[in-house]
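# Coordinate analysis (summary)
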Amino acid sequence: MGLLFFFSRVCLTREERVIPAKRELVKTLELTDLAIWTEARYTRHPSQADCFTPFQDSPSAFEHFPAGSILAPGRPADSTTTLQIRR
Amino acid sequence: MRRLKILEYALSSLLRRKYKNLSLVIVYALTISILASILFLTHALKQEAEAVFSDAPNLIVQKLFAGRHDLISTDDIHLIRKIPGVGDVHPRYWGYYFDALSQSNYTFMGIREGLPGLKLVEGQMPAEEGECTIGRGVARAQFTGLGDQLVLIDSRNKSVKFRIVGIFDAASNLLSNDLVLMTRKGIQKFFDFPSNRATDIVVEVYNPEEISTVAAKIRKMLPGTRPIAKDEIFRTYDSVFNWRSGMMLTLFSAALFAFSILAWDKATGISGAEKNEIGILKAVGWDTADILELKFWEGIVISFTALLGGLTAAFVHVFFFNAPLLTPVLKGWSVLFPTFRLTPYIDLYQVFVIALLTVAPYIACTVIPSWKAAVTDPEMVMRS
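Treat the numbers as computed from the prediction; the structure is a model and nothing was measured.

### With respect to the environment of Phe319(B)
All names here are of chain B. With respect to the helices, strands and loops of the structure, Phe319 is situated in helix H11 (residues 288-320). Taking the C-alpha atoms as reference, Phe319 lies 6.2 Å from Pro344; in sequence the two are 25 residues apart. Not counting chain neighbours up to four residues away, the residues in contact with Phe319 comprise Phe40, Ala44, Arg341, Leu342, Thr343, Pro344, Tyr345 and Ile346.

Dropping the structure here:
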C-alpha cells in the first residue's frame with residue numbers, strides 16, 4: 001500500500017505538469033465536455049444538453065443509448081437565474 | 001500481554017484452517033476491489049473534469065426552438081455585449097458528423113484564424129480552409145496521420161478533402177479524441193451555415209460572481225435562449241460520477257449485494273468445528289469475553305487483509321491497467337472511445353467509507369454467532 005501511495009504521488013506530480021497544457025487546450029478551443037461518450041449528441045456534451053434531450057427524438061421515445069443510462073437523471077437548475085427572471 | 005496472547009492464538013487458529021480462510025479472503029477482497037475500482041475510477045474522472053474545465057467558457061448562450069437546440073443569430077452578440085460586466089462575446093461554430101465508413105461520430109469545431117499552436121498538438125492548428133487538426137481517435141478510425149488527407153462528405157453530399165496539419169497528443173485524448181478542428185470559414189462552408197447564424201455564443205463575464213446575474217439578464221433580453229454557466233459543467237460531471245448515477249448504482253449495488261451474501265452466509269451459522277473449538281475453550285476456562293475477543297481479532301485479521309488486498313487490486317486495475325473491466329460499461333456504443341491514463345486521485349474519505357461498509361458488518365457477522373455459541377453450556381456446544 002505504501003508503494004502504491006508512493007506511485008500515486010509520482011503520477012500526480014507528473015500529471016501536474018500536463019494539467020496546465022490541458023487547461024490551455026480547454027481555454028483556447030472553448031471545450032466544455034470530456035470526449036467519453038460519442039454515441040449520441042446529448043451524451044457527447046452532457047453539460048450542454050437538456051435533461052429531456054434523450055426523449056426529443058420522437059414523442060414518448062425511450063432512451064436507447066447505453067450511455068444514457070449511465071448519466072445521472074438531470075442536473076439541478078440554476079436557482080438564482082430562475083428566481084431573478086420570475087421577479 | 002493477555003491481548004497479545006489472544007491475538008497469537010487467533011492467528012494460529014486462522015492458520016489451522018488456512019485454505020478455508022484463504023478462499024474467504026480472496027472472495028472478500030474481490031468484492032472490495034469491485035467497490036473500490038468503481039470509486040477510484042469515478043473519482044479520478046471527476047477530478048480530471050474539475051481540473052481541466054476551470055478554464056472553460058464562463059457562459060454559453062444557446063438558442064432553443066420548439067424545445068430543441070437551434071442555431072443562434074449572431075446579431076444577438078451586439079445585444080449581449082451591452083450588458084454591464086460583460087467582456088468578449090463571440091460565436092462558436094461546432095457540430096457533429098457521422099462517418100458512415102467507421103460508423104463513428106466526430107465533433108467538428110471551427111476555430112478563429114491565427115490561433116497559436118498548443119503544447120498538446122503535434123504539428124499546427126488549421127490556418128486555411130482546407131486544413132484540419134484531428135484527435136487520435138479520428139486518426140485511428142480513418143487510418144490517417146500528419147500530412148495525410150481527410151476525406152469527408154459535406155452537407156451538399158460532396159466529398160471534401162482536408163489536409164491534416166496537426167494531431168492532438170495522446171495525453172489530451174480524454175478531451176480531444178473525436179475532435180476535428182477546422183477554420184471557421186471551413187466549418188461554415190462544410191455544414192452550410194446560414195450567414196448570420198452560429199452554433200452558440202460564448203460570453204466572457206469579468207466578475208465570476210456576476211455570471212448568474214448576466215445569465216438572468218440574457219434570458220430576459222432573449223427569451224428563446226438558454227444560458228449555460230461554467231458551474232453547470234462541474235455540476236454535470238459531479239452528478240454523472242455521483243454514487244446515485246446509473247453506473248454507480250448498477251455496479252455498486254451488485255457488489256454490495258454479493259458482499260451481503262458473503263456476510264449473511266457467515267452470520268447464519270458457524271461450522272461444527274468452530275463450535276467444538278469454542279466449547280473446548282470454555283471447558284478449559286476461557287471467559288465468554290475472551291472468546292468474543294478472539295473472534296473479534298480473527299474478524300479483524302481477515303477483513304483487514306481482504307481490505308488491503310482489495311484496495312491494492314482496485315488501484316492496480318484502475319491506474320495501472322486503465323480499468324479494463326469497467327471501461328466496457330463506460331464505453332456503451334461509443335465507437336471512438338478514448339484510451340486514457342487516469343491520474344491516481346484517491347479520496348481518503350471514500351477509502352474510509354469502503355472500510356466501514358465492509359469491515360464493520362463482517363466483524364459483527366463473525367462475533368454474533370460466536371457469542372451465541374459462547375454463552376451456551378460447553379458440554380451442549382461440544383455435543384451438538
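On we go from here.
### Here's the deal with the pairing of strand S8 (residues 149-153) of chain B
Residue and element names in this part refer to chain B. Residues of S8 alternate between two faces, with Leu150 and Leu152 buried on one and Gln149, Val151 and Ile153 left unburied on the opposite face. Pairing geometry for S8 and strand S9 (residues 159-168), over five bridges, is antiparallel. The partner of Val151 across the bridge, within S9, is Lys161. Linkage of S8 to S9, two consecutive antiparallel strands, is achieved through a turn of five residues, within which Asn157 is found at a positive phi near 65°.

### Describing empty space enclosed by the protein
Applying the stated criterion across every chain, the model contains four cavities of 30 Å³ or more. The computed volume of the largest cavity comes to approximately 120 Å³. Going through the elements one at a time, helix H1 (2-29) of chain A together with strand S4 (86-99) and strand S5 (104-111) of chain B are the ones with two or more residues in the lining of the largest cavity. In terms of residue count, the dominant contributor to the lining of the largest cavity is S4(B) (four residues). For the lining of the largest cavity, a count of residues per class yields six nonpolar, three polar and four charged.

The rules behind each value
- Residues numbered from 1 in each chain as written.
- Chains lettered and ligands numbered in written order.
- Predicted model: local features only at pLDDT ≥ 70, side-chain atom pairs only at ≥ 80, totals over all residues.
- Heavy atoms only, no water.
- Helix = DSSP H or I, 4+ residues; strand = E, 2+ residues; numbered from the N terminus.
- Contact = heavy atoms within 4.5 Å.
- Buried < 20%, exposed > 50% of the residue type's maximum accessible area, 1.4 Å probe, protein only.
- Pairing = 2+ DSSP bridges.
- 1 Å grid on protein atoms, 1.4 Å probe; cavity = no way out; pocket = protein on both sides within 12 Å on 5 of 7 lines; lining within 4 Å.
- Points joined across faces, edges and corners; volume = space filled by probe spheres on them.
- Nonpolar A, V, L, I, M, F, W, Y, C, P; charged D, E, K, R; others polar.

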